Amino acid sequence: MRKYKQLKHAVQLQKQLDRKYGTSRFHAALIIALFFCLFFTSCSSSQAASSSSSTQTSTSTGQSQSGSTNVSIIQTGQTVSVNPVNPPNDGLKRIYSVYFAKKKVQKNEVSFDPIDSLHPQRDGGNNLLTYDSILGKTVYLVIETRNLTVNESIKVQLQSKALTGNSEVLEVMQFNESRQYVSARNITAVVGNTNALHNNNGSCPYTNLADHSHRAIVKLQLRPSTRPAFDNWANRLKDANGTIKVSVQLEKDKCAYGNDNKERSKGGLFLSTDKQQFRVVNRHFLEIYHKDNLFNFLPIRTLPNTRKPIGELNNSVNSKVCYFYYDKNDNEHFVCESKKITIKSKIRSINIPKDEDKGNLIDTIDHSKNINAGEIIHAQTLEIYENGTLGTPSRYAHGKIWYKNKENDVELVFADILEDPGIGSEAFRALNYESPDGSFLITFAFQNTRRRYANPAFYAAFLGALAQLNQTKSMSNIYIKSGGFSYKDGSCYPSAEHVDGIAVDTIYLENLKQQNAFVNCLRNYGLLRHGVGKSNWYPKINHSIQMDGHEDHLHSSVYKAKYVNFTRDYVHSII
């Protein structure tokens, strides 16, 4: 009967997966999982009966808070052991598991989700990741203990030959009791100490801290203190995965480590086997904070009592760019990953140069197919030369425009994450991130545009505004349609302000209330300049200025002035 119920439950689960993902994707995995479920059920009943009844189960161990097992290697004797969810209750002082984790908050309770090769992560498109974290990102290091008392200290060191080329202790940035990140090699973790969970006001809002009294929790940034040292790590790692292992040692006393059967003076080494690794990679990443997130530790900007909403760590070794959003409760959301390109910065020029001054023709972009399918695109062609780009008009515009190359390089990200191949006048969804609990979306579409490249930080600001709008009362059903940023070469025919992807057009919303709500969200992330048309209710839009040719869309961009500057006041370079 027990096996029948398990089989029935498995079949019901398969039907749910079929409805959501299709009829074939999960069949093989389910059959294998079902086989093992039935096999181990029949095999384990007799084993459970013969096991010691004196073994206790702790409801707060939460070793991985997912029921998985961890693998550790003990430094003394170099023996490998598999740690059960509940370690031996033999009265020994014990550090039985060490793992990196993400913080998870539900209501007012905090828990930790392990991030390592035994607990693989997924990105915003539900794609399985082959790594666990990124150089420079903030993570938690959780040390699970048994029979240690509160305030006992544990010495922690990190090592990675992949990053340093040797076995020396890694320098990382540790979050301290003053709520600052400081350089650390020899880290002291304290059992029961929750300083790592304090917000920027110095308080800890969680109601279940007692559940973590047996843990030592450390908050770290996976980077050294200087940019040259970081670049050395990045250049050594290149496009590969690097692993970080952790050594721990109880100070002033002996301790058992992992599944060891006796206390010893030498420490234990964790995350050091092929079965369980903590894998890091190079990525350029941006972190976007909800305006009410009290765990935003970015610097306070010029406007009093407000912090910069975007943190950025530019990594030139890898061309991939990752966007993370931190909601009001400080849960991390991996929104999307894109690729970046490097181009020459552009400026719209009054005069078109002679052919010999344009340089060699590098590429031609022809929009004829899109226009014939009904897309309202102003540039028929873009001729990309060594010294700039010449835009020629379609039937929706007039006059050629030259976009001159400037001396400096800039980076652009491809903003069309979903890459819908459709053409025509309808809206094509570009991004569709849904939070795991279904409470909010970060989504938008492109319509009548091929200007689908953006400045990386500007795109982060746009995503932050989309997230905030979707979480605004009575605004969650609004669907933003965009007229784009810039073309892949940084030009933006026929606009001047869209060069280098630092402006975005969006179709007007249904009414003034909705439009003002969206503008307010954009302003929270530094998009302060809004051009509008002269008709309808458009001139009443908050903080707007009237612009010719804007009767069908809102133009949003940034200021570059002494009193307010997007990069200076809204974006913080992490290192």
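Quick summary incoming for the structure in this document. Here the structure is a predicted model, which is why all the values come from computation and not from measurement. (Residues numbered from 1 in each chain as written. Predicted model: local features only at pLDDT ≥ 70, side-chain atom pairs only at ≥ 80, totals over all residues. Heavy atoms only, no water.)

### Notes on helix 7 (residues 456-470)
So, point 1. In this model, helix 7 (15 residues) spans 21 Å end to end at C-alpha, consistent with the 21 Å of a helix rising 1.5 Å per residue.
So, point 2. Most of helix 7 is tucked away, with 15 of its 15 residues classed as buried.
So, point 3. Where helix 7 begins, one side-chain oxygen reaches toward the backbone nitrogen of Ala457, 3.0 Å away; that side chain belongs to Asn455. (Helix = DSSP H or I, 4+ residues; strand = E, 2+ residues; numbered from the N terminus. Expected span 1.5 Å × (residues − 1). Buried < 20%, exposed > 50% of the residue type's maximum accessible area, 1.4 Å probe, protein only. Polar contact = N/O pair within 3.5 Å; in protein donor to acceptor, adjacent residues only side chain to side chain.)

### Some words on the packing of aromatic side chains
So, point 1. Following the criterion strictly, the structure yields 24 aromatic pairs and no others.
So, point 2. Put simply, the rings of Tyr323, Phe444, Phe446, Phe458, Tyr459, Phe462, Phe485, Phe566 and Tyr570 touch in pairs and so form one group of aromatic residues.
So, point 3. Its end group placed over the ring of Phe285, Lys137 keeps NZ or CZ at 5.7 Å from the ring centre.
So, point 4. Sitting above the plane of the Phe324 ring, Lys137 keeps its charged end 4.1 Å from the centroid. (Phe/Tyr/Trp six-rings, centres within 6.5 Å; stacked < 30°, edge-to-face > 60°. Lys NZ or Arg CZ within 6 Å of the ring centre and 35° of its normal.)

### A closer look at the nonpolar core
So, point 1. The biggest cluster of nonpolar side chains holds 55 residues, and the ones touching the most others in it are Tyr323, Ile442, Tyr459 and Phe462.
So, point 2. Secondary-structure elements contributing two or more residues to this core are strand 17 (284-289), strand 19 (320-326), strand 20 (332-349), strand 25 (428-434), strand 26 (441-446), helix 7, helix 8 (512-524) and helix 9 (566-570).
So, point 3. When residues of this core are assigned to their parent elements, the largest contribution, 11 residues, is made by helix 7.
So, point 4. Not counting residues within four places of it along the chain, the set of residues in contact with Phe462 comprises Phe444, Ile480, Phe485, Val504, Thr506, Phe518 and Leu522.
So, point 5. Of all hydrophobic cores here, the second largest spans 51 residues; its members include Leu135, Leu163, Leu271 and Ile574. (Core = buried A, V, L, I, M, F, W, Y, C linked by side-chain atoms within 4.5 Å. Contact = heavy atoms within 4.5 Å.)

### Structural notes on the packing of helix 7 against helix 8
So, point 1. Contact geometry for helix 7 and helix 8: axes closest at 8 Å, N-to-C directions at 135°. Taken together, the axes of helix 7 and helix 8 lie oblique to each other. When the axes of helix 7 and helix 8 are compared, the crossing they make is right-handed. On the side of helix 7, the interface is formed by Phe462, Ala465, Leu466, Gln468 and Leu469, while helix 8 contributes Ala517, Phe518, Cys521, Leu522 and Asn524.
So, point 2. Along the lines of polarity and charge, the residues of the contact of helix 7 with helix 8 split into 8 nonpolar, 2 polar and no charged. (Axes fitted to C-alpha atoms, helices over the stretch in contact; angles between N-to-C directions. Parallel < 35°, antiparallel > 145°, perpendicular 65-115°, else oblique. Left-handed = near helix turned anticlockwise from the far one by under 90°. Nonpolar A, V, L, I, M, F, W, Y, C, P; charged D, E, K, R; others polar.)

### Here we look at unusual backbone geometry
So, point 1. The linkage connecting Tyr493 with the following residue, Pro494, adopts the cis geometry, with an omega of 0°.
So, point 2. Along the chain, the position of Pro494 falls in the loop between strand 28 (480-484) and strand 29 (503-507).
So, point 3. Of note, Lys252 is a non-glycine position whose phi angle comes to about 70°, a positive value.
So, point 4. The topology assignment puts Lys252 in the loop between strand 13 (245-250) and strand 14 (256-257).
So, point 5. Here the phi dihedral of Asn536 falls at roughly 55°; this positive angle occurs in a residue that is not glycine.
So, point 6. For Asn536, a relative accessible area of 59% gives the class exposed.

### A closer look at the side chain of Ser495
So, point 1. Note that Ser495 resides in the loop between strand 28 and strand 29.
So, point 2. By relative accessible area, which is 17% here, Ser495 ends up buried.
So, point 3. Within polar-contact distance, the side chain of Ser495 engages the backbone nitrogen of Glu497 at 3.2 Å.
So, point 4. In this view, Ser495 contacts Arg348, Tyr403 and Arg451; residues no more than four positions away in its chain are not counted.

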